[in-house]
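Given next are the chains, with one letter for each unit.
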Amino acid sequence: KAFPQKTDSRLREFLADKYHRRKRHDEALQLIWTDFTERTQLATYQKLKDHADRAGQWPGWRDKALAFIRAGIEREKKQMAQKPARGWGWNVYASDHSLLVEIFLWEKDVESAWREAQTGGCHNSWWMQLAAKRENKFPADAIPIYQKQVENLINQKNNGSYEEAVKLLCRIRDLMARLQQTGQFAGYLTTVRATHKPKRNFIKLAERL
């Protein structure tokens, strides 16, 4: 009550713990929910789960949290549609499904994470994690993700990124071989080398392929 505005999350968690100890779970969870709605991210989602588990109420709170995230995504999409040209302060990832993908990956629900990425897009780092988790069973899903990352790496124009790009090209080669697409890989590699021919250091590294 003494600090109703911009309350330190540690203070809320301290009080919530005291409520749990007195079996006042609803009051504890309301504090943690407030923290989640003010800073909606994986860490506060995890904290909400910890406290809801103590009360044996996680399924209901999980549904509520995911619904809150989805509502926020839709709100951001509408705002972006109305004001497409925003300044540097605009969060370009606020309207994609990155947070949902991150949450489902943390929950080890790769299929749900994949569906969210397919539906609403996500940050490049989550695409790469998804590709790594799907490549064994679904190599055709991983290949286009890795191909896009190859372009991202080459366009960074430094030797370190060129090395990473070539490693990823090797990975693509192996996945395409599993799909009996060796000929298609040769054509793809020819296109990549032709597109980036002026980048001599990359071309030299790519010769190993």
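Residues numbered from 1 in each chain as written. Predicted model: local features only at pLDDT ≥ 70, side-chain atom pairs only at ≥ 80, totals over all residues. Heavy atoms only, no water.

S.K.: So what's going on with unusual backbone geometry? Residues and values would help.
M.R.: Despite not being glycine, Lys108 shows a phi value in the positive range, around 65 degrees. If you check the backbone angles, Gln180 has positive phi at about 60 degrees while not being a glycine. Tracing the backbone shows Gln180 in the loop between helix H9 (159-178) and helix H10 (182-195). (Helix = DSSP H or I, 4+ residues; strand = E, 2+ residues; numbered from the N terminus.)

S.K.: Break down the confidence of the model for the chain for me, citing the residues and quoting the values.
M.R.: Looking at the chain as a whole, its pLDDT mean stands at 92, while 95% of the residues score no less than 70. A low-confidence stretch, residues 86-92 stays under pLDDT 50, and its non-local contacts, those more than four residues away or across chains, total 3 contacts. (pLDDT = per-residue confidence, 0-100. Contact = heavy atoms within 4.5 Å.)

S.K.: Tell me about the nonpolar core, and please be specific about residues and values.
M.R.: Counting residues in each nonpolar core, the largest one holds 57 residues, and the members touching the most others are Leu48, Val101, Leu130, Tyr146, Ile172 and Phe202. Counting residues per element, this core draws most heavily on H9, which supplies 8 residues. (Core = buried A, V, L, I, M, F, W, Y, C linked by side-chain atoms within 4.5 Å. Buried < 20%, exposed > 50% of the residue type's maximum accessible area, 1.4 Å probe, protein only.)

S.K.: Now, about the pattern of salt bridges: what can you tell me, with residues and values included?
M.R.: With the rule as written, the count across this model stands at 19 salt bridges. We note a salt bridge from Glu13 to Lys47, for which the minimum N-O separation is 3.6 Å. Of this pair, Glu13 sits in helix H1 (residues 9-21) while Lys47 sits in helix H3 (residues 42-55); the two residues are 34 residues apart in sequence, bridging distant segments of the chain. Since its relative accessible area comes to 13%, Lys47 is described here as buried. Residue Asp174 pairs with Arg173 through a salt bridge whose shortest N-O separation is 3.4 Å. On the basis of relative accessibility, which here comes to 43%, the residue Asp174 falls in the partly exposed class. Judged by its relative accessible area of 31%, Arg173 falls in the partly exposed class. A single salt-bridge network, built from bridges that share partners, covers Arg12, Glu13, Asp35, Glu38, Arg39 and Lys47. (Salt bridge = Lys/Arg side-chain N within 4 Å of Asp/Glu carboxyl O.)

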